[in-house]
Amino acid sequence: MADMSKLEKQVLTLRGLPWNGSPPIYVVSQDQAENVLQSEVDWSGYRAKIGNQAKAFVALGLIDPTFDLAKYSLTGLSEGQLGFFNPADKTIYMVGYQFGGMDHLVFVHEFDHALGIHYFPDIVRVYNESICPNNTQRCQAIQALVEGDAALLMAQWYNIYASASDKKDIGQYQIPFASQAKQNPPPYVGPLSDFTNATGEQFVLSLWQKGNWGKVDQAYDNLPVSTEQILHPDKYLNAEQPVTMTVPDLLPSLGSGWTLVGSDSLGELMTYLMLAYGTDTFAQIPQKEALTASAGWGGDHYLVYGSETGDQTVLAAEWSWDTDQDAAEFLSSMTTYLNIRFRSGKINQPGKDCWSLNNETTCIFHTARNTLWVIAPSMETVNTVLSSYPAYD
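Keep in mind that what you see is a predicted model, and the values were worked out from it rather than measured. (Residues numbered from 1 in each chain as written. Predicted model: local features only at pLDDT ≥ 70, side-chain atom pairs only at ≥ 80, totals over all residues. Heavy atoms only, no water.)

Student: Now, about the pairing of strand S5 (residues 297-307): what can you tell me, with residues and values included?
Tutor: When you tally the buried positions in S5, you get 11 out of 11 residues, the bulk of the element. Alignment of strand S4 (residues 258-264) against S5, held across six bridges, turns out to be antiparallel. Counterpart to Asp 264 in the pairing with S5 is Tyr 302. Looking at chain direction, S5 and strand S6 (residues 313-321) are connected through nine bridges and run antiparallel. Looking at the pairing, Tyr 305 lines up with Val 314 of S6. Hairpin geometry of S5 and S6 is characterised by an intervening segment of five residues between the two adjacent antiparallel strands and by a positive phi of about 85 degrees at Gly 310. (Buried < 20%, exposed > 50% of the residue type's maximum accessible area, 1.4 Å probe, protein only. Helix = DSSP H or I, 4+ residues; strand = E, 2+ residues; numbered from the N terminus. Pairing = 2+ DSSP bridges.)

Student: Outline the sheet that holds strand S7 (residues 353-357), supporting the account with residue identities and numerical values.
Tutor: Strand-to-strand pairing in sheets goes through backbone hydrogen bonds, with the strands running parallel or antiparallel. Spatially, six strands are ordered S4-S5-S6-S9-S8-S7 in an open sheet, and the strand pairing comes out antiparallel. Edge strands, defined here as strands with exactly one partner in the open sheet, are S4 and S7. Each strand axis lies, on average, 10 degrees off the axis of its neighbour in the sheet, ignoring direction. Packing of helix H13 (residues 267-276) onto the sheet brings it into contact with S5, S6 and strand S9 (370-376), and relative to S5 it is tilted by some 65 degrees. Packed onto the sheet, helix H16 (residues 379-386) meets S6, S7, strand S8 (360-366) and S9 and runs at close to 35 degrees relative to S8. (Axes fitted to C-alpha atoms, helices over the stretch in contact; angles between N-to-C directions. Contact = heavy atoms within 4.5 Å.)

Student: Got a sec to walk through the sheet that holds strand S2 (residues 83-86)? Specific residues and values, please.
Tutor: One open sheet accounts for three strands, arranged S1-S3-S2; its pairing is mixed. Whereas interior strands pair on both sides, the edge strands pair on one side only; in this sheet they are strand S1 (25-28) and S2. For this sheet, the mean angle separating the axes of adjacent strands, direction not counted, is 20 degrees. Looking at chain direction, S2 and strand S3 (residues 91-95) are connected through four bridges and run antiparallel. Each residue of the ladder has a partner; that of Gly 83, found in S3, is Met 94.

Student: Report on the packing of aromatic side chains, specifying residues and quantitative values.
Tutor: Summed over all chains, the structure comprises 14 aromatic pairs. Between Phe 57 and Tyr 188, the ring centres sit 5.7 Å apart and the planes meet at 85 degrees, which makes this aromatic pair edge-to-face. With Phe 57 in helix H3 (residues 46-59) and Tyr 188 in the loop between helix H8 (177-180) and helix H9 (189-219), this residue pair connects regions lying 131 residues apart in the sequence. Exposure remark for Phe 57: the relative accessible area of 10% places this residue in the buried category. A relative accessible area of 6% places Tyr 188 in the buried class. Taken together, a centroid distance of 6.1 Å and an interplanar angle of 15 degrees make the contact between Phe 107 and Phe 111 stacked. (Phe/Tyr/Trp six-rings, centres within 6.5 Å; stacked < 30°, edge-to-face > 60°.)

Structure, rendered in structure tokens:
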């Protein structure tokens, strides 16, 4: 505990935020850590909504229909973990009974999370997404701020306070094999993690360079509203806001037998990942092209409906773009993506770009600065959905 007290003081010095108290700290086994993390999943509400998220991700092409997202997400949560901060009970858990350099580094990271929630308690709402209902991409942006804060603080601690022994231990650390052997993740998972941590750190660093930690603290009173603002910090500093999308209710036109299973926003980040890191590797757009296609994002919202029998899906996703050129670049990349994903199954629909494969029909529609993408069981249902978006008639 003496090491932990010393580390706390070092973090408080670096961060410039005094704290007379301290979070509860427990040293636990991996099995105990697994139980805590499983409880956190229940607290966040993720377990309850993961089935619907999987249906939406299948429609968006982010996961394969046979991929068990629940099993992947909820199995072995503690594998490879040396420590974590649990927002539900505001407690730091250190896993295992060694406390070498790597553990010091992890403790610094997690103590920064505890310090952040002590000073900015509203941030706890980001963990169960109650701060951004139907707008997950905003929570992804806030998570990038939170994780970027801890990552930058951790880097500063390493450069200033880490001993030679700490640095040797950190340099020799290898991720346990068990965590590497977990079920192969979908392609988007790695880049999404990089966004939360590495891109988040770059975002926080851009603020820190303009006014040290005081400038970072101000971000918690003016939270980022989009992943676009994290990817392009100047858009955060210039307070560029997403376009408010008009979201129709498709149930009256779809009729009975359908249930809304997803209503959310992709944001610039997930739009990029959908194009460049979809589960269909043949349809993946080159990263540079996907970056260009997703840049200029102005706003978006998607709806996913599931049939009563569970074997049919309707997707309606609409984007707004900053300029006509941005819209044209996205349309070009999406057309390429859909042509490959639907195996060149172009169907003859005058004035429409549509494809059909495996009992699914998809079409893409556009105006000067907006794009609408629809997937449905038939062309008739596509047209039914289209009737709720009169701008594309």
